[in-house]
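# Remarks on the overall topology
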Amino acid sequence: ITPLLSTPILAGQRVLITAGGTREPLDPVRFLGNRSSGRQGVALAQAARDAGAEVTLLATHLEVAPPAGVRLVHASSALELRAAVFAEAPGHDVLIMNAAVADFRPANIENSKIKKRDEHSAPVITLVRNPDILAEIVQARAQDATLPSLIVGFAAETGDEQGSVLDYGRSKLARKGCEMLVVNEVGAQLAFGQDTNSIQVLFASQAPSVQATGSKLEVARVVIEQIASAIIGHPH
Ligand code: CTP
Ligand code: CA
């Protein structure tokens, strides 16, 4: 059996991928987290590596093993992730913000374990907004040519009476200011828990959106192909 060699469509490109879900500490042993498994981010890292890219995987919390052949960097909370993104991004050609970043964090981190103290009371946890890492790095790039020229966001969206998945995706893409937004359609028809993903890739350039359905690796390959054609279209 001869293995199929992938075409190195991203040869020479440096790609930074954030993956998994952040954890926002409450005290030394507790956190607020989310259900991101990191599977899609790991699949993206694999697909980018197979396409010949030099990959940095900036992992928050993953439920799956990272692939071989990528440089691995870790961060835990949204604030740590932001610091790591700004430290790693210079020199990368592409940034894929796939991590599920907590929108809020506890306003205070207790230095010791939160105690029950008495019979009846319960603590109230005050939350504050986390910075929008994606929007911040897009803004910072205007003054810093070392930052990635192609920035890709991810968004899980559901449609409702107010608008379709695509409507919400388009306005999020405009709000973030990045070049591409991969919109993950979640909801009724799409079986959760299966390894099947349905995505739409939206482009700030107004190029027609690209739809893909398949395993997380198949979907990752489509995203990587779209990144490669965007780079060919606008070499720097
Ligand atoms: N993101 C980020 N920093 C945050 C929140 C989100 O960089 N504090 C990035 C995510 O990594 C993702 C993109 O922004 O690439 C979209 O995330 P999403 O949660 O869909 O967007 P939000 O702006 O947080 O809007 P919403 O209120 O719909 O959650
Ligand atoms: Ca969010």
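These remarks concern the structure in this document. Please read all numbers here as calculations on a predicted model, not as lab measurements. (Residues numbered from 1 in each chain as written. Chains lettered and ligands numbered in written order. Predicted model: local features only at pLDDT ≥ 70, side-chain atom pairs only at ≥ 80, totals over all residues. Heavy atoms only, no water.)

To continue, consider the site of ligand 1. Around ligand 1 sit 13 residues, and of these M97, P131, L134, K172 and K176 come closest. Within the contact set of ligand 1, an oxygen atom lies 3.0 Å away from a side-chain nitrogen or oxygen of D103. One of the backbone N or O atoms of F154 is found 2.9 Å from an oxygen atom in ligand 1. For ligand 1, the accessible surface in isolation is 570 Å², of which the surrounding protein chains cover 75%. (Near = heavy atom within 4 Å. Polar contact = N/O pair within 3.5 Å; in protein donor to acceptor, adjacent residues only side chain to side chain. Areas by Shrake-Rupley, 256 points an atom, 1.4 Å probe, with all protein chains shown as cover.)

With that out of the way, let us pick up helix α3 (residues 133-141). Note: α-helices contain 3.6 residues per turn, so residues at a spacing of three or four share the same orientation. Inspection of α3 places I133, L134, I137, V138 and R141 among the buried residues, and these make up the whole buried set. Each buried residue of α3 lies within a common arc of 135 degrees when the element is viewed along its axis, so the set occupies one face. As for α3, its buried residues are in contact with α2 (78-88), β6 (94-97), β9 (150-157) and α4 (165-176). Among the residues of α3, the N-terminal cap falls to D132, whose side-chain oxygen and the backbone nitrogen of L134 are separated by 3.3 Å. (Buried < 20%, exposed > 50% of the residue type's maximum accessible area, 1.4 Å probe, protein only. Helix = DSSP H or I, 4+ residues; strand = E, 2+ residues; numbered from the N terminus. Arc of directions from axis to C-beta. Contact = heavy atoms within 4.5 Å.)

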